[in-house]
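For reference, the chains in residue letters:
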Amino acid sequence: MQVFERKADLTQFVDQIKAESKSIGFVPTMGALHAGHILLVTEAKKQADVVVASIFVNPIQFNNAEDLKKYPRTFDSDRKMLEEAGCDIVFFPSVEEMYPEEEIEESYDFGALEKVMEGAARPGHFNGVAVVVKRLFDLVRPDKAFFGKKDFQQLAIIRALVKQMASPVKIIGLDTVREKDGLAMSSRNRRLSEVQREQAVELSQVLNFIKQNKNKSRPEELEKEASRKLAHNFKVEYIQIVDGNSLQPISDWSQSDYPVACAAAFLGDIRLIDNLEL
Ligand code: PAF
């Protein structure tokens, strides 16, 4: 496995792969890798000739300076995990390499998709994601790119981005990988104290509660009940039942044949998100 820190080296490698008519599978990450990321690499390996992963903690998608500062950075173990998973190339650029300009000017419009949930709670977040993903796609020129469904709204935004750009990249979404007790794997889980780690499982539990009670109560009642349960230990940002395609909230089960419950909540200053297809 090779590690490139420079765009020029990555471009040279990609040119060579393209000249050999090989396909490229791409796994963009912010590092602090866990089994969920490794599943993406393993799947990319099955579906493409060459696998490129990127590790870049993208400052412009953080709307909270403290969150950016505390975001775990574990390059040595990330590198080992990627190598063991059969990754071919790691792109590990500096902030200056990704953003040489003083001011980033790209601005994307994802309409209603970005007005809810993460988009509403974290202003500018999805623009930052779109800017970096577009730049990475332009560099890596993948045939397929792999993302986890844990960031459910991000996946929808990236599908919309690719459509807007008329980009040929095929977006593959893979199921969330969970710990034994149900907690969705997340880089932020590393920051949980022992007590918080025990409490964290409640996030997936309330989503399961919603799933089990689907059709017994109206969506809004279940959202309220789930928030009430979660609020014992968490500071709840939102629990929302949405249509999985439009991401718009539903007030009646008849409004969607693909309902998904999404949640974001804080344990201390650690913000966790999760979702469940109902
Ligand atoms: O999901 C992530 O880790 C990031 O949002 C991504 C897609 C790598 C963009 O920085």
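Residues numbered from 1 in each chain as written. Predicted model: local features only at pLDDT ≥ 70, side-chain atom pairs only at ≥ 80, totals over all residues. Heavy atoms only, no water.

Along the backbone of the protein there are 10 helices and 9 strands. In terms of overall size, the protein behaves like a compact globule, its C-alpha atoms giving a radius of gyration of 19 Å where 278 residues would be expected to give roughly 19 Å. Along the first, second and third principal axes, the C-alpha set of the protein runs to 55 × 40 × 40 Å. Buried positions account for 53% of the 278 residues belonging to the protein. When contacts within the protein are restricted to residue pairs at least 6 apart in sequence, long-range pairs at least 24 apart make up 73% of them. Accessible area of the protein: about 13200 Å², with a carbon and sulfur share of 48%. (Helix = DSSP H or I, 4+ residues; strand = E, 2+ residues; numbered from the N terminus. Rg over C-alpha atoms; globule rule 2.2 N^0.38 Å. Buried < 20%, exposed > 50% of the residue type's maximum accessible area, 1.4 Å probe, protein only. Contact = heavy atoms within 4.5 Å. Areas by Shrake-Rupley, 256 points an atom, 1.4 Å probe, with all protein chains shown as cover.)

Moving on to the packing of aromatic side chains. Scanning all chains against the criterion turns up 8 aromatic pairs. Three or more aromatic residues joined by ring pairs form one cluster here, namely Phe26, Phe137 and Phe147. (Phe/Tyr/Trp six-rings, centres within 6.5 Å; stacked < 30°, edge-to-face > 60°.)

Let's shift gears to the site of the ligand. Contacts to the ligand come from Pro28, Thr29, Met30, Asn58, Gln61, Val132, Phe147, Asp151 and Gln154. Taking glutamine 61, its side chain carries an N or O atom lying 2.6 Å from an oxygen atom of the ligand. Between an oxygen atom of the ligand and a side-chain N or O atom of glutamine 154, the distance comes to 2.7 Å. For the ligand, the protein covers 90% of the area, taking 290 Å² as the surface of the free molecule. Taken together, the residues of the shell around the ligand break down into 4 nonpolar, 4 polar and 1 charged. (Near = heavy atom within 4 Å. Polar contact = N/O pair within 3.5 Å; in protein donor to acceptor, adjacent residues only side chain to side chain. Nonpolar A, V, L, I, M, F, W, Y, C, P; charged D, E, K, R; others polar.)

Formed by 48 residues in total, the largest nonpolar core has its most connected members in Leu10, Phe137 and Ile171. A total of 10 residues in this core trace back to one element, the largest contributor, which is helix 7 (residues 125-140). With near-sequence residues (within four places) excluded, phenylalanine 137 lies in contact with Phe26, Pro142, Ala145, Phe147, Val162, Val169 and Ile171. In terms of nonpolar packing, the next biggest core, distinct from the first, is built from 24 residues, Ala226, Phe234, Ile239 and Ala265 among them. (Core = buried A, V, L, I, M, F, W, Y, C linked by side-chain atoms within 4.5 Å.)

Here we come to the sheet that holds strand 7 (residues 235-243). Taking strand neighbours across the sheet as the criterion, the 3 strands line up as 7-8-9 in an open arrangement whose pairing is antiparallel. Where the open sheet ends on each side, the last strands, each with one partner, are strand 7 and strand 9 (270-277). Adjacent strand axes in the sheet meet at a mean angle of 10°, parallel and antiparallel pairs treated alike. Relative to strand 9, strand 8 (residues 259-267) runs antiparallel, the two being bridged by 8 bridges. The partner of alanine 261 across the bridge, within strand 9, is leucine 276. Docked against the sheet, helix 9 (residues 194-213) engages strand 7, strand 8 and strand 9, running at close to 30° with respect to strand 9. This element, helix 10 (residues 219-230), spans strand 7 and strand 8 of the sheet and lies at about 155° to strand 7. (Pairing = 2+ DSSP bridges. Axes fitted to C-alpha atoms, helices over the stretch in contact; angles between N-to-C directions.)

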